[in-house]
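# Architecture and fold: a report
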Amino acid sequence: MKKLPLYALALTGSILPLTANAQAECGDVSIGEMNWTSGGIAAGVIEFFLEQGYGCNVTVVPSATTTAITSLAENNEPDIVPELWVNSAPAYFRLEEEGKLVKASDTFSDGGTEHWLIPAYLAEEHPELTSIEGVLENPELVGGRFHNCPDGWGCRIVNDSLIEAFELEENGIEVFNHGSGETMPSAMASAYENEEPYFGYYWGPTAPLGQYDMVEVDLGPYDEEVHACNQDEECDSVGVSGFPAADVYNVTTADFADRAPEAFALVENVSFSNEQMSALLAWHSENEASVEEAVVHFLQNNQEQWMSWLSEEAQANLEGLF
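Residues numbered from 1 in each chain as written. Predicted model: local features only at pLDDT ≥ 70, side-chain atom pairs only at ≥ 80, totals over all residues. Heavy atoms only, no water.

### Here's the deal with the packing of helix H3 (residues 37–52) against helix H15 (residues 291–301)
The packing of two helices is summarised by the inter-axis angle and the distance between the axes. For the record, the criterion: Axes here mean lines fitted to C-alpha atoms, for a helix over just the part in contact, with angles spanning 0 to 180 degrees between N-to-C directions. Helix and strand definitions follow DSSP, with helices as H or I runs of at least four residues and strands as E runs of at least two, each counted in order from the N terminus. Here the word oblique covers every angle except those under 35 degrees (roughly parallel), over 145 (roughly antiparallel) and from 65 to 115 (roughly perpendicular). Handedness of each helix crossing follows the sense of rotation of the near helix against the far helix: counterclockwise by less than a right angle gives left-handed, clockwise gives right-handed. Should any heavy atoms of two residues lie within 4.5 Å, those residues are considered in contact. Basically, the charged four are Asp, Glu, Lys and Arg, the nonpolar ten are Ala, Val, Leu, Ile, Met, Phe, Trp, Tyr, Cys and Pro, and anything else, Gly included, counts as polar.
Between H3 and H15, the shortest axis-to-axis distance is 9 Å and the interhelical angle comes to 60 degrees. Taken as axis vectors, H3 and H15 run oblique relative to one another. Remark: the crossing between H3 and H15 carries right-handed chirality. Every residue of H15 that contacts H3 at Thr37, Gly40, Ile41, Gly44, Val45, Phe48 and Phe49 is listed here: Val291, Ala294, Val295, Phe298 and Leu299. Class assignment for the residues of the contact of H3 with H15 results in nine nonpolar, three polar and no charged.

### Brief notes about the pairing of strand S1 (residues 28–34)
The condition that has to hold: Each residue is placed in one exposure class: buried if its accessible area under a 1.4 Å probe, protein chains only, is under 20% of its type's maximum, exposed if it is over 50%, and partly exposed if it falls in between. In this analysis, strands are considered paired if DSSP registers two or more bridges between them. Classification remark: right-handed applies to a crossover when, strands pointing away from the viewer, the course from the first strand over the helix to the second runs clockwise.
Counting buried positions over the seven residues of S1 gives five, a clear majority of the element. For S1 and strand S2 (residues 57–63), the ladder comprises seven bridges, and the chain directions are parallel. Each residue of the ladder has a partner; that of methionine 34, found in S2, is serine 63. Each parallel crossover has a hand, and for S1 linked through H3 to S2 it is right-handed.

### A short note on the packing of aromatic side chains
The condition that has to hold: Planes of paired rings set the category: under 30 degrees apart is stacked, over 60 is edge-to-face and the rest tilted, where pairs are Phe, Tyr or Trp rings (Trp by its six-membered ring) whose centres lie within 6.5 Å.
What the rule picks out here adds up to 19 aromatic pairs. The interplanar angle of 20 degrees and the centroid separation of 6.0 Å between the aromatic rings of phenylalanine 298 and tryptophan 309 together place this pair among those described as stacked. One end of the pair, phenylalanine 298, is in helix H15; the other, tryptophan 309, is in the loop between helix H16 (303–307) and helix H17 (312–318), and eleven residues separate them in sequence. Across the pair, exposure class does not vary: phenylalanine 298 and tryptophan 309 are buried alike. In this structure an aromatic cluster arises from ring pairing among Phe48, Phe49, Phe272, Phe298, Trp306 and Trp309.

### Regarding the nonpolar core
Among soluble globular proteins, nonpolar side chains are generally buried collectively. We apply this condition: In plain words, nonpolar cores are sets of buried Ala, Val, Leu, Ile, Met, Phe, Trp, Tyr and Cys residues tied together by side-chain atoms within 4.5 Å.
One finds Phe49, Leu50, Trp306, Trp309 and Leu310 to be the most contacted residues of the largest nonpolar core, which totals 46 residues. A total of eight residues in this core trace back to one element, the largest contributor, which is H3. If you look at the next biggest cluster of nonpolar residues, it comprises 36 residues, including Trp116, Ala123, Ile163 and Leu168.

### Some details on the environment of glycine 144
With respect to the element layout, glycine 144 can be found in the loop between helix H7 (132–137) and strand S6 (145–148). When the C-alpha positions of glycine 144 and alanine 316 are compared, they lie 58 Å apart, and in sequence the two are 172 residues distant. Apart from residues no more than four positions distant in its own chain, glycine 144 is found in contact with Pro139, Gly172, Ile173 and Glu174.

### Regarding the confidence of the model for the chain
The predicted coordinates should not be examined in detail at positions where pLDDT is low. We count it as follows: Residue-level confidence of the predictor, termed pLDDT, takes values from 0 up to 100.
For the chain, per-residue confidence averages 92 on the pLDDT scale, and 93% of positions sit at 70 or higher. Between residues 8–16, whose pLDDT stays under 50, and residues either more than four places distant or in other chains, the model counts 16 contacts. Between residues 19–23, whose pLDDT stays under 50, and residues either more than four places distant or in other chains, the model counts four contacts.

### Some details on the state of the cysteines
Test applied: For this text, the term disulfide refers to a pair of cysteine sulfurs within 2.5 Å.
Here the structure, examined in full by the defined rule, presents three disulfides. One disulfide bridge connects cysteine 149 with cysteine 155, the sulfur atoms lying 2.2 Å from each other. In this structure, the disulfide formed by cysteine 149 and cysteine 155 twists by about -130 degrees around the S-S bond and is classed as left-handed. Cysteine 155 matches cysteine 149 in its accessibility class, with the two residues each being buried. Across the disulfide, cysteine 229 is cross-linked to cysteine 235 (sulfur-sulfur distance 1.8 Å). Between cysteine 229 and cysteine 235, the S-S torsion sits near 95 degrees, and that sign places the bridge as right-handed. Comparing cysteine 229 with cysteine 235, the two get one shared label, buried. Cysteine pairing for the chain, with bonded cysteines counted in sequence order: 1-2, 3-4, 5-6.

Right, dumping it as structure tokens:
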């Protein structure tokens, strides 16, 4: 936990002072840092590389999905927004079509994921539970309970539709609606650590999915039309559909892509696997670390991966740092 000074020094340029020419070539760059941990990590990684590898003068701006897309639409800034969940920001597609925004890369190689889950130890003992049919036929094996999202969450609407479509309660499975986001991982942790039955919803990448070996229950194939109806509280014909992967992008303005092509090429390469980000979030949680310390942890343990993201000049600037 003594790694923060290294990150702080690096970001001030005290470790690797770059030439004025390098700084001039890249210039000023603004990054929107989302107000959740994985968004902060993605922003911190890009910030570090742009500062230390490419000589950019980086300003990080606190942000959130709605704030970021509004600022991009009205002010054409920040230059880079890592981890934009575009399913929650439909204006992105209009701005992309207008030529104002560019998708640089997928933040998560598997997209954002949603699941109904059981613990791996339960799946190993009762493999039939890895399908929803097996769960419905054996409700007692999952503890006779489904752990649902809190009221007001988008996942609650979809889950309620699926609960109705699968007739969970008619098949002997009580639906427990959590009152907050904090109690959901607590319930999972308690069941897992005591090797008790557990059946519930969770999404990724997240710390709990990095901490606990959970197995997805197969809900059947994804049906776009059915899922769209299941997302609508007014839907009167809910149906059976698996969850689609959510598109999560590292986004830049078109102006940034044009004026700083080498820096943009870096952002095009920045992508984490869901398993990798979940493990990183778990490390962050278990060590009560700061976002900066999580960035350093990633940099120290994945050098071969991130070196491949960089230009040859940036690789030379960062060679031997870790």
